[in-house]
Number of protein chains: 2
Amino acid sequence: MNKKEALESFLAVLDIKDDRFLKDLNAISMLVSKRKGEILFLEGDKGEDLYFVLKGAVKIFKTNSEGKEITINIAQEGELFAEIVLFLKNTYPVSAMAIENSLLLAIDSKRMFDKIKENPEFAMKFLGLFAKRLNYLTEKVKELSIDDAKERLLGYLNRRDKGDGVVEIKLPKKEISSSIGVSPETFSRILKKLSEEGAISIEGKVIKLLK
Amino acid sequence: MNKKEALESFLAVLDIKDDRFLKDLNAISMLVSKRKGEILFLEGDKGEDLYFVLKGAVKIFKTNSEGKEITINIAQEGELFAEIVLFLKNTYPVSAMAIENSLLLAIDSKRMFDKIKENPEFAMKFLGLFAKRLNYLTEKVKELSIDDAKERLLGYLNRRDKGDGVVEIKLPKKEISSSIGVSPETFSRILKKLSEEGAISIEGKVIKLLK
DNA sequence: TTCATATCTTGACCTAAATCAATTATTTCT
DNA sequence: AGAAATAATTGATTTAGGTCAAGATATGAA
């Protein structure tokens with residue numbers, strides 16, 4: 001994938017159809033590739049870039065003083081992350097690690113901020129994007145505090161069901177378990193139990209939601 | 001408080017200093033007062049208003065199928081809530097209840113949306129506001145999944161310490177406990193334990209953070 | 001002020017899910 | 001292909017914090 005294609009897919013996600021921003025965006029962004037396991041930034045790092053995922057997957061996570069970790073989100077193809085640096089200048093409030101070999105578009109947040117200010121169209125797109133993100137996090141807060149592990153796992157699967165009840169597990173299970181706030185052991189046990197209860201069927205990396 | 005003062009304090013929070021929006025905003029908003037315990041809206045309700053708290057406190061919460069409840073946020077004087085309806089049209093994704101007798105400014109979201117579209121200044125303010133909210137929720141997700149009840153309670157107190165180590169508990173303890181995702185019993189026990197350990201001292205509604 | 005209602009505290013008990021430990025599978029690298 | 005490393009499963013054990021119950025305080029209405 002070349003830079004032009006990258007920018008086009010970024011604009012497509014923002015739902016901006018004409019090409020007049022291509023040159024502008026080209027000047028404030030660059031392609032970067034990261035190998036699986038590479039850290040992009042850690043919480044507290046100074047940094048100025050927001051990212052758009054062209055290929056691969058990046059885990060956004062937080063760690064506490066005891067070394068425990070929670071995955072806030074896994075950004076995959078077509079998703080933005082760290083866009084918060086547009087407004088909380090200077091330091092990243094989360095950490096990010098590539099969990100697959102990934103190709104990313106790194107966008108300079110200061111200059112992107114100016115673009116947003118100059119173009120109400122961008123501002124509205126970002127507002128819509130932030131609203132979705134707020135909704136996602138609100139739901140996550142709810143699940144983590146009042147839904148049990150089984151409900152959270154079913155929630156995860158249901159959100160990925162496109163209507164046919166078939167969900168392909170593309171990420172390592174330990175990443176999924178961390179993203180629903182559950183230990184890998186518990187994840188494994190619940191999956192087994194759901195299968196025994198007849199709620200799902202498991203064939204390799206494909207899970208079918210029954211009933 | 002009259003309508004003009006209400007609008008002025010709303011604009012002050014948005015950090016907009018001139019008065020040119022006063023008339024516009026007047027046309028799309030109204031003062032409403034709610035008694036303690038009154039529901040403003042429930043999750044799933046159709047609704048078009050976002051709110052600004054002039055006086056009192058409003059609990060924003062979510063409930064699951066088993067009737068368990070988590071407080072997402074308690075909006076107090078000078079805070080906006082339900083601003084998400086600006087972008088997720090039609091239905092509220094959370095519920096809201098006045099937990100004190102409250103005076104609110106209800107703002108029509110459709111017409112506010114148009115104002116934001118017309119005035120990049122508004123758009124940027126809302127983006128900044130959303131960014132803060134995203135940060136708050138991200139921190140909350142982290143606390144709920146990897147911090148224990150004691151750390152969450154200390155986090156709550158520390159965020160309210162303005163530097164002198166003195167925190168006044170203005171809200172009912174059961175509201176605070178729900179907002180940190182803990183049962184009232186556990187809340188009570190941890191407070192006692194912290195006091196015994198010498199980490200805090202409690203004098204009525206005032207808690208002093210020692211160390 | 002007094003009665004009624006709601007909130008808070010404390011104790012006893014229980015349970016969901018984490019942790020620890022040991023295999024077993026699956027990737028990845030040479 | 002084979003070895004080494006990483007991920008996933010399963011069992012045994014522990015524990016943080018929820019629930020239930022009872023009593024103590026506090027709040028508010030008449």
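A quick note: this is a predicted structure, and the numbers were derived from the prediction, not measured.

1. What about the packing of aromatic side chains?
Step number 1: Using the criterion set out here, one finds 16 aromatic pairs over all chains in the structure.
Step number 2: Here the aromatic rings of F87(A) and F113(A) are separated by 5.6 Å at their centres, their planes lie at 70 degrees, and the arrangement is edge-to-face. Residue F87(A) is found in the loop between strand 6 (80-81) and strand 7 (95-98), and its partner F113(A) is found in helix 3 (residues 109-118); the two are separated by 26 residues along the sequence. Assigned by exposure class, F87(A) and F113(A) land together as buried.
Step number 3: When the ring of F126(B) is compared with that of F130(B), the centres are 6.4 Å apart and the planes differ by 80 degrees; the resulting orientation is edge-to-face. Linking F126(B) with F130(B), this pair stays in helix 4 (residues 120-146), spanning 4 residues, or about one helical turn. Considered together, F126(B) and F130(B) belong to a single accessibility category, that of buried residues.
Step number 4: Through successive ring pairs, a cluster of aromatic residues spans F41(A), Y51(A), F81(A) and Y92(A).
Step number 5: Over the face of the ring belonging to Y156(A) we find R160(A), whose NZ or CZ atom lies 3.7 Å from the ring centre.

2. Concerning the protein's contact with DNA strand D
Step number 1: In the vicinity of DNA strand D, 17 residues are found, and the nearest of them are K173(A), R189(A), A149(B), T186(B) and R189(B).
Step number 2: Of what DNA strand D places within 4 Å of the protein, 64% of the atoms are sugar or phosphate.
Step number 3: Here a phosphate oxygen of DNA strand D and a backbone polar atom of A149(B) are 2.8 Å apart.
Step number 4: Of all the elements in the fold, those that place two or more residues in the surface near DNA strand D are helix 6 (173-179) and helix 7 (184-197) of chain A together with helix 7 (184-197) of chain B.
Step number 5: For the surface near DNA strand D, the leading source of residues is helix 7 of chain A, giving 4 residues.

3. Notes on the interface of chain A and chain B
How big an interface is tends to be stated in terms of accessible area lost as the parts join.
Step number 1: In this complex, chain A contributes 39 residues to the contact, which on the side of chain B involves 39 residues.
Step number 2: Between chain A and chain B, the buried area comes to about 3400 Å², and carbon and sulfur atoms account for 80% of it.
Step number 3: Across the contact surface, chain A and chain B share 2 salt bridges.
Step number 4: Seen at the junction of chain A and chain B, the total is 6 residue pairs in polar contact (both at pLDDT 80 or more).

4. What to know about the protein's contact with DNA strand C
Step number 1: For DNA strand C, the set of nearby residues contains 18 residues, the closest of which are A149(A), T186(A), R189(A), K173(B) and R189(B).
Step number 2: Counting only the atoms of DNA strand C that lie within 4 Å of the protein, the sugar and phosphate share comes to 66%.
Step number 3: Between DNA strand C and the protein, one listed contact pairs a base nitrogen with a side-chain N or O atom of E185(A) at 3.1 Å.
Step number 4: K173(B) is positioned with one of its backbone polar atoms (N or O) 2.7 Å from a phosphate oxygen of DNA strand C.
Step number 5: Sorting the residues of the surface near DNA strand C by element identifies helix 7 of chain A together with helix 6 (173-179) and helix 7 of chain B as the ones contributing at least two each.
Step number 6: Looking at the surface near DNA strand C, the element that brings in the most residues is helix 7 of chain B, giving 4 residues.

5. Considering the pairing of strand 8 (residues 102-108) of chain B
Residues and elements named next belong to chain B.
Step number 1: Burial analysis of strand 8 places 7 of its 7 residues in the buried class, the great majority of the element.
Step number 2: Pairing analysis gives 6 bridges linking strand 1 (residues 29-34) to strand 8, with the strands arranged antiparallel. Bridged to L31 within strand 8 is L105.
Step number 3: Summarising the sheet, strand 3 (residues 49-55) and strand 8 pair through 6 bridges and their orientation is antiparallel. The partner of V53 across the bridge, within strand 8, is L104.

About the thresholds
Residues numbered from 1 in each chain as written. Chains lettered and ligands numbered in written order. Predicted model: local features only at pLDDT ≥ 70, side-chain atom pairs only at ≥ 80, totals over all residues. Heavy atoms only, no water. Phe/Tyr/Trp six-rings, centres within 6.5 Å; stacked < 30°, edge-to-face > 60°. Helix = DSSP H or I, 4+ residues; strand = E, 2+ residues; numbered from the N terminus. Buried < 20%, exposed > 50% of the residue type's maximum accessible area, 1.4 Å probe, protein only. Lys NZ or Arg CZ within 6 Å of the ring centre and 35° of its normal. Near = heavy atom within 4 Å. Polar contact = N/O pair within 3.5 Å; in protein donor to acceptor, adjacent residues only side chain to side chain. Contact = heavy atoms within 4.5 Å. Buried area = accessible area lost by both parts, 1.4 Å probe. Salt bridge = Lys/Arg side-chain N within 4 Å of Asp/Glu carboxyl O. Pairing = 2+ DSSP bridges.

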